[in-house]
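Remarks on the overall topology
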Amino acid sequence: MSWDPYAALGVARTATQDEIRSAYRKLAKELHPDVRPNDRSADERFKRATAAFNLLSDSALKARFDRGEIDADGNEKPAFGYRGGPGAAHARGYSSTTAESAFDLGDIFSDLFGSAGGTRPNFGKMRGRDIRLPLDVDFVDAIRGGRKRVQLSDGRTLDVAIPPGVTEGQVLRLKSQGGPGVQGGPPGDALVELRIKPHAFFRREGDDVHMDLQISITEAVEGAKIQVPTVSGPVTLTIPEGANTGKVLRLKGRGVGERGDQFVRLMVMLPDNPDEDLKKFIRKWSRRDYPTHRPPA
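All values derive from a computational prediction rather than experimental measurement. (Residues numbered from 1 in each chain as written. Predicted model: local features only at pLDDT ≥ 70, side-chain atom pairs only at ≥ 80, totals over all residues. Heavy atoms only, no water.)

**Details of the layout of surface pockets**
Volume-wise, the second largest pocket comes out at about 290 Å³. For the lining of the second largest pocket, the class distribution of residues is five nonpolar, four polar and six charged. (1 Å grid on protein atoms, 1.4 Å probe; cavity = no way out; pocket = protein on both sides within 12 Å on 5 of 7 lines; lining within 4 Å. Points joined across faces, edges and corners; volume = space filled by probe spheres on them. Nonpolar A, V, L, I, M, F, W, Y, C, P; charged D, E, K, R; others polar.)

As structure tokens, then:
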């Protein structure tokens, strides 16, 4: 369940940056682990207040939260999704304005508790929060692997490597790409949840790929060699003579990885406007030779 950063700091949604900073200073002085050691409740409240301060003291993140685009943990809301683009900067080359750059938390703590000999006191380091975001992946890229670009809530962009054979709902962990740490603590991670787009004619069942293939009545009766698509490129498929609708042909090793195959179900299609010759040919078929296998009435 989502939480309210304004409530965590005890400020109104109309609070100014000075009021946000002042509220956090007050809570830090009351709840910091160096002030209340071994108090798990105070430690959790302090962490939540710090996360709230990180969000609300960053004007860009605060604005997105207020608009309902992200939740209190910086995760994208499903209705908005990620917003990447070819012109976005790569994560390694991007410098964003975060709460720590806007306000030096070390200075806040030094103001609150003082420092001996001109040195900053050694307050506890805290790991940054993990952030979650969805990523839409093409069907073929999910099987073969690929690369996708995503944009985080703070504006940074990441190029994500998609391993071969990923599945719907699988989560990729991008180390140290989450929220910034506090007082020199390590950053959190970015958790990317994969959503596989449906394909126009492929469908996946375990490690196997299935598809329906339309063939002409001539190809069905006489047999043929035709090009068919697979997730790894087109291949030649041999259609045996007398093939019928529903017959399934197997392409070994053309599924997911080395263990998967592709199964092609044949669908015999008549032309939209059959001519008289075709009509005469069909009339000559004997039901004794070509049983319909209809269920009893």
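**So, the sheet that holds strand S5 (residues 190-196)**
Taken in spatial order, the three strands of this open sheet run S1-S5-S4, and their pairing is mixed. This sheet does not close on itself; its edge strands, each paired only once, are strand S1 (131-137) and strand S4 (171-174). Mean inter-strand twist for the sheet, computed between neighbouring axes without regard to direction, equals 30°. With four bridges connecting them, S4 and S5 associate as antiparallel partners. Bridge pairing in S5 places Leu174 opposite Ala190. (Pairing = 2+ DSSP bridges. Helix = DSSP H or I, 4+ residues; strand = E, 2+ residues; numbered from the N terminus. Axes fitted to C-alpha atoms, helices over the stretch in contact; angles between N-to-C directions.)

**A short note on the confidence of the model for the protein chain**
As a general rule, the predicted coordinates of low-pLDDT regions are not to be interpreted in detail. Per-residue pLDDT for the protein chain averages 81, and the proportion of residues at 70 or more is 79%. Across residues 81-104 the pLDDT falls below 50, and counting only partners more than four positions away or on other chains, this stretch makes 49 contacts in the model. Across residues 115-122 the pLDDT falls below 50, and counting only partners more than four positions away or on other chains, this stretch makes ten contacts in the model. (pLDDT = per-residue confidence, 0-100. Contact = heavy atoms within 4.5 Å.)

**Quick word on the packing of aromatic side chains**
Per the stated rule, a full pass over the model turns up four aromatic pairs. Residues Tyr24 and Phe53 carry aromatic rings whose centres are separated by 4.5 Å and whose planes lie at 10° to one another, so their mutual orientation is stacked. Here Tyr24, found in helix H2 (residues 17-31), pairs with Phe53, found in helix H3 (residues 40-56); they are 29 residues apart in sequence, far enough to count as distant. There is no split in this pair, since Tyr24 and Phe53 are both buried. (Phe/Tyr/Trp six-rings, centres within 6.5 Å; stacked < 30°, edge-to-face > 60°. Buried < 20%, exposed > 50% of the residue type's maximum accessible area, 1.4 Å probe, protein only.)

**Quick look at unusual backbone geometry**
Backbone geometry at Ser176 places phi at a positive 65°, although glycine is not the residue there. Mapped onto the elements of the fold, Ser176 is located in the loop between S4 and S5.

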